[in-house]
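Remarks on the overall topology
As a plain string of letters, each chain reads:
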Amino acid sequence: MKKVLFVMALVVLVAASYAQDIKIGGIGPVTGEAATFGISTKNGMTMAVDEWNAKGGIFGGRKAKLIFEDDKGDPSEGAIVWNKLIQQDNVVAIVGTVMSKVSLVGAPISQAAGIPMISPTSTNEKVTLVGDYIFRACFIDPFQGTVGANFAFNDLKARSAAAIFDLGNDYTKGLAENFKKQFEKLGGKVVAFEGHPTGTTDFKAQLTKILQGKPDVIYIPDYYNDVGLIAKQARELGFKGPLVGGDGWDSPELVKIGGTAVENGFFTNHYSSEDKRAIVQDFVKKYKAKFGAEPDALAALGYDAMYIMLDAIKRAGSTKGAAIRDALKATDINVVSGRIKFDENRNPIKSAVIIEIKNGKQVYRTTVNP
Amino acid sequence: MGSIFSLQQILNGLQLGSIYALIALGYTMVYGIVRLINFAHGDFFMIGAYAAYGSFYMFNALVAGRSGTLAFLVLLAAMIGGASIAYLTNKFAYKPLRYKPKLSSLITAIGVSMFIEYFFSALPAIGPSYRSFPDIIVRKEIRLGNAVISNLVIIDLAVAAILMVGLTLLVRKTTLGKAMRAVSQDKDAARLMGIDIEKVISFTFMVGGAFAGAAGLLAGMTYPRIFPYMGILPGLKAFIAAVLGGIGNIPGAMLGAYIMGIAETFASAYNSLIGEGIAFAILILVLLIRPRGLLGEKIADKI
């Protein structure tokens, strides 16, 4: 009996010395202006790592170890933590970060070091164009505009539309332009395409002009705080039709500012916690149990990004950068935000969900495939 | 259909102009009396909005259901809030610098503005995030031909009009108004006549602050989203309106503000992609032709 125990202990010891933890870098803004985004993302990443470790590790009994750093939503802070993770901690891969402007600073560092990186939520097209080691888990800006147009035309049966967007913000402008392109391609008519200055609170001039064209639907790809005001003023001017927008709507504040004006509103998003797929419901249940809150899209994307990375390392069976990169390219996996494959620019080809505002609540409406 | 000069757009412009007018008056009065561009004035507007926000929740239960009384109390609170911050700013920041170089006061004004913004966003009760402003009055819309007039448009226009008439009467008909005009013309002579000029200056600040506070309430009701930096842009535009009308001149500030509101609306309606650029180009043109502003003549009572 003693002998058996001794052998077992020896085996464990030997195994342990071989089965070094695989270090994965995690980056997100857990303090600063985008703090809630960073915290959700970090929670998602942590959950994915814990799940893989509970299942017995990544490969050969080796477990993942998440080393998380805060970029504060600041590009120069991002460069510091990126270098720290690669040079000091010797991570084999990086999952991060939230904001495009910070990812754009980190991506060249990852690319030069040959450390594969996947950003959970940076939607700016340029991020993955930095090089072949850079991936992302979310869809890019143009896609949302296209999906919004498809939904307005096919689902809402709109034949004329108008768009209003922030002149000083590439995100809202990009969505609006792609919406217009797709809506016209489908045979619809865009009766007005209006910009507004950043920071303004009065949108009535633009909305009055929009309503003169009598659109069936108004596309508002702004952030929630502007959307609330625009919706209120549009309703005040007598518009009764549906409003459509992008993932900038995803905040509990939207209904607080917009009140009943945002009813009959729809927006494209990465995921919905009401999606009936088992993988989603399982994720929501576990997340709630662990963090005591409903997971938002950022939590889901943080989870997905980490999951995709760990899956790639497992399939690579190696911690070499080039091997992980090749495995990432071959990804075909079902995760919380849908089934993911990468295109030639390492952007995921995935579905989007449409969420409806109904009685002040976000309600899952449908999933739109690319 | 179709035209940018529709009744609806005129109403939109007048509504925006009313809010600018109430802010612009404070700029112009303070400039008239102490020759100071009070850059913190936009922040008095913000304080007014928050005073309205806070008092709404205080009084809501008290006068349950009587929205008219409630609105009046909230307006009063907003005006008192604006007046108090204006009083304090003058007392602690501007008064000690009254007879120092003008540039010191100007820089102080910018400092005060930033202080108010950052201090209030650091206060836990206010915080840096957006807050949704409650519906103090139930919105109603009236259809008039192609135009839709909401009761808010009427309220904005009416409150601005009543306050402006009140101010004109105050300046023209009361002893205090006479003192204000006197101080604006010649401080030394006014002092020799036994006018307590500091008191008059302080009062002028408070009236300006009260008007900005009222504008804060109207803006909160019309554009129901408030945050500590909400005063910057309207403050700047109202300042431009005051300059356009001829700074130091009360009717000028009102005229400038309505021109500003309407020009902004028409420009956005004409081509929103160039948008406000057009509005500001018009302003530059007007100032090139009339550098004193529209009503900025060398008239006697310049306050």
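The numbering scheme is per chain: residues are counted from 1 as the chain's sequence reads. Just so you know, chain letters begin at A and ligand numbers begin at 1, following the order they were written in. Residue-level local features of this predicted model are given only where pLDDT is at least 70; pairs of side-chain atoms are given and counted only at 80 or more, and the full residue set underlies all totals for whole chains, interfaces and linings.

Observations regarding the overall build of chain A
Going along the chain from the N terminus, every DSSP run of H or I of four or more residues is numbered as a helix, and every run of E of two or more is numbered as a strand. Regarding its fold elements, chain A presents 13 helices and 15 strands. Radius of gyration: over C-alpha atoms. The globule rule applied is 2.2 Å multiplied by the number of residues raised to the 0.38 power. Over its C-alpha trace chain A gives a radius of gyration of 22 Å, about what one expects of a compact globule, namely 21 Å for 370 residues. The 370 residues of chain A split such that 55% are buried. C-beta atoms are placed from the backbone for every residue, and two residues are taken to be in contact when these atoms lie within 7 Å. Within chain A, contacts between residues separated by at least 24 positions form 66% of all contacts whose residues are at least 6 apart in sequence. Put plainly, a residue is buried at 20 or more neighbouring C-beta atoms within 10 Å of its own, exposed at 12 or fewer, and partly exposed in between, counting only other residues' C-beta atoms, which are placed from the backbone.

Brief notes about unusual backbone geometry
All names here are of chain A. With an omega of -10°, the peptide bond running from G96 to T97 counts as cis. As for its position among the elements, T97 is in the loop between strand 3 (93–95) and helix 4 (100–113). The residue K157 is not glycine, and still its phi comes out positive at about 60°. Unlike most non-glycine residues, N264 shows phi in positive territory, near 60°. For N264, the location among the structural elements is in the loop between helix 10 (253–258) and strand 10 (265–269). By the C-beta count within 10 Å, which is 18 here, N264 ends up partly exposed.

Here's the deal with the packing of helix 5 (residues 151–173) of chain B against helix 6 (residues 175–185) of chain B
All names here are of chain B. Helix axes use the C-alpha atoms of the stretch in contact, all axes being lines fitted to C-alpha atoms, and the angles between their N-to-C directions lie in the range 0 to 180 degrees. Two elements in contact, helix 5 and helix 6, have axes separated by 5 Å at closest approach and are oriented at 75°. Taken together, the axes of helix 5 and helix 6 are roughly perpendicular relative to one another. Of the residues in helix 6, those touching helix 5 at L170, V171, R172 and K173 are L176, G177, M180 and R181. Amino acid classes used here: Ala, Val, Leu, Ile, Met, Phe, Trp, Tyr, Cys and Pro are nonpolar; Asp, Glu, Lys and Arg are charged; the rest, including Gly, are polar. Class assignment for the residues of the contact of helix 5 with helix 6 results in four nonpolar, one polar and three charged. In what follows, roughly perpendicular refers to angles from 65 to 115 degrees, roughly parallel to angles under 35, roughly antiparallel to angles over 145, and oblique to any angle outside these ranges.

Points about the interface of chain B and chain A
Tallying the contact residues gives 23 residues for chain B and 24 residues for chain A. For the side of chain B that touches chain A, the secondary structure elements donating two or more residues are helix 1 (7–34), strand 3 (147–150) and helix 10 (250–270) of chain B. Grouping the amino acids of the side of chain B that touches chain A by side-chain chemistry returns nine nonpolar, ten polar and four charged.

Considering the confidence of the model for chain B
Residues and elements named next belong to chain B. In this model, chain B carries a mean pLDDT of 89, and residues with pLDDT of at least 70 account for 96%. Per residue, pLDDT measures the predictor's confidence, with a range of 0 to 100. Here helix 11 (residues 276–289) stands out as the least confident element of chain B, with mean pLDDT 81; helix 8 (residues 197–222) is the most confident, with 95. Scored by ipTM, the complex comes to 0.83, with pTM at 0.80.

Considering helix 8 (residues 204–212) of chain A
In terms of burial, helix 8 of chain A is a largely internal element, nine of the nine residues being buried. Directly beyond the C-terminal end of helix 8 of chain A, a positive phi value near 45° is found at K214 of chain A.

Topic: the domain arrangement of chain A
What the domain assignment reports for chain A is domain 1 (17–139 + 277–350) and domain 2 (142–269). Relative to domain 2 of chain A, the C-alpha centre of domain 1 of chain A lies at a distance of 32 Å. Source of the domain bounds: an automatic or database domain assignment.

A look at the nonpolar core
Note on definitions: a nonpolar core is a set of buried residues drawn from Ala, Val, Leu, Ile, Met, Phe, Trp, Tyr and Cys, linked by C-beta atoms within 7 Å. Counting residues in hydrophobic clusters, the biggest one holds 206 residues, and the most contacted among them are M309 of chain A together with A21, L22, A24 and A214 of chain B. Both domains that meet at this core, namely domain 1 (17–139 + 277–350) and domain 2 (142–269) of chain A, each give it at least three residues. Leave out the neighbours within four places in its chain, and A24 of chain B touches A238, A241, A242, A253, G256 and A257 of chain B.

Remarks on the sheet that holds strand 11 (residues 332–335) of chain A
Residues and elements named next belong to chain A. Strand pairing is defined by DSSP finding a minimum of two bridges between the two strands. The strand order 11-12-13 describes an open sheet built from three strands, whose pairing is antiparallel. In the strand order of this sheet, the two ends are held by strand 11 and strand 13 (348–349), each with one partner. Two strands pair when backbone bridges link them, and strand 12 (residues 338–342) and strand 13 are joined in this way by two bridges, in the antiparallel orientation. Looking across to strand 13, one finds that F342 is bridged to P348. Sheet contacts for helix 12 (residues 297–316): strand 11 and strand 12; angle to strand 11, the most-contacted strand, approximately 145°.

Considering the packing of helix 9 (residues 232–245) of chain B against helix 10 of chain B
Residue and element names in this part refer to chain B. At their nearest, the axes of helix 9 and helix 10 sit 7 Å apart, and the two run at 120° to each other. Classified by the interaxial angle, the pair formed by helix 9 and helix 10 is oblique. Our pair here, helix 9 against helix 10, has a crossing hand that is right-handed. Contact with helix 9, carried on its side by K237, A238, I240, A241, A242, L244 and G245, involves G252, A253, L255, G256, A257, I259 and M260 of helix 10 and no other residues of that element. Residues of the contact of helix 9 with helix 10, tallied by class, amount to ten nonpolar, three polar and one charged. The sense of a crossing depends on the near helix, which, turned anticlockwise from the far helix by less than a right angle, makes the crossing left-handed and, turned clockwise, makes it right-handed.

Brief notes about the sheet that holds strand 8 (residues 217–219) of chain A
Residue and element names in this part refer to chain A. Pairing is mixed in the open sheet, where seven strands are placed in the order 7-6-8-9-10-14-15. Sheet topology places strand 7 (189–196) and strand 15 (361–368) at the edges, where each strand pairs with a single neighbour. Across the sheet, the mean angle separating the axes of adjacent strands is 25° when strand polarity is ignored.

Section: the environment of I85 of chain B
Residues and elements named next belong to chain B. Assignment of secondary structure puts I85 in helix 3 (residues 67–94). Residues I85 and R143 lie 58 residues apart in sequence; the distance between their C-alpha atoms is 40 Å. Excluding residues within four positions of it along the chain, I85 makes contact with F44, I47 and G209.

Details of the pairing of strand 12 of chain A
Residues and elements named next belong to chain A. Inspection of the sheet shows strand 11 paired to strand 12 by four bridges, in the antiparallel sense. Paired with D332 across the two strands is K341, which belongs to strand 12. In this structure, the hairpin formed by strand 11 and strand 12 is closed by a connection of two residues. Here strand 12 hands over to strand 13 after five residues, with R346 in that stretch at a positive phi of 60°.

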